[in-house]
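# Structure at a glance
Chain by chain, the residues:
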Amino acid sequence: MSKAQQEPAGIKEQYALKVAADLERNTKEQERLGAEADALADQLRALQRDHALLLSVQQALAGETSSAQTPAETSEAAVPKPRASAAGPKPARQKKGTGTRAKKRSTKDTGTATAAKSEGPTLVSLVRDHLSRQSEPRSAAEIAAAITQAHPDRTVKPTVVRTTVEGLVAKGHAQRSKQGSSVFYTAPEHKPSSLDRDSEPATT
């Protein structure tokens, strides 16, 4: 074989090696970018879940605030200001009306308390009681399943439990931890009960 025939064969072999190396680098770069894209997608999904969770907690807290303000606003609206009369004030009539309204409010409060008592323990108390008896963190789905199993007559959804326990976290009655993209809840290390607060001596 002549020297002129060997040179094209050597150049072709060099090109083949270069193309193979470029192809390998291209493949590795695709794998690297694909792994980064998957990681970013996981981070985005985790942020979206946290965003939805925070929105639900915010709505729950806003609902508690509005429900706490409603009785005072309703009471103010129910008691009208006395109107000035040309014949002078009539204390007896105003006193009678005030007594009637007080009696109606008392009856309404008694009925509400009776209805609440007949419904059994609240979901908040059930969640707190369940967490206090656990030695390991529990997810909202696990808490909902345990409460449903203990109370078959009640339908408890994980989303409702998640909102409830997040409200407890906001008030310091539960602790929140995250493992990867999953969220778990535990009882706080110290849970001051209402009885403990009532039994504390008053300080001056």
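Now for a look at the structure at hand. Quick caveat, the model's predicted, so the values are computed rather than measured.

Further remarks concern the packing of helix α4 (residues 140–150) against helix α5 (residues 158–170). The contact between α4 and α5 brings their axes to 8 Å, and the two run at 110°. In terms of axis orientation, α4 runs roughly perpendicular to α5. As for the relative orientation of α4 and α5, their crossing is right-handed in sense. Between α4, through A140, A141, I143 and A144, and α5, the contact on the second element is made entirely by P158, V161 and R162. Within the contact of α4 with α5, the residues separate by chemical class into six nonpolar, no polar and one charged.

Turning next to the pattern of salt bridges. Going through the model one piece at a time under the given rule, you end up with 11 salt bridges. K178 serves as the salt-bridge partner of D50, at 2.8 Å between the closest nitrogen and oxygen. Here D50 is found in helix α1 (residues 3–78), whereas its partner K178 is found in strand β1 (residues 175–179), with 128 residues between them in sequence. Within the structure, one salt-bridge network assembled from shared partners comprises D50, E166, R176 and K178.

Rules and cut-offs
Residues numbered from 1 in each chain as written. Predicted model: local features only at pLDDT ≥ 70, side-chain atom pairs only at ≥ 80, totals over all residues. Heavy atoms only, no water. Axes fitted to C-alpha atoms, helices over the stretch in contact; angles between N-to-C directions. Helix = DSSP H or I, 4+ residues; strand = E, 2+ residues; numbered from the N terminus. Parallel < 35°, antiparallel > 145°, perpendicular 65-115°, else oblique. Left-handed = near helix turned anticlockwise from the far one by under 90°. Contact = heavy atoms within 4.5 Å. Nonpolar A, V, L, I, M, F, W, Y, C, P; charged D, E, K, R; others polar. Salt bridge = Lys/Arg side-chain N within 4 Å of Asp/Glu carboxyl O.

These results come straight from atomic positions and should not be treated as a statement about function.
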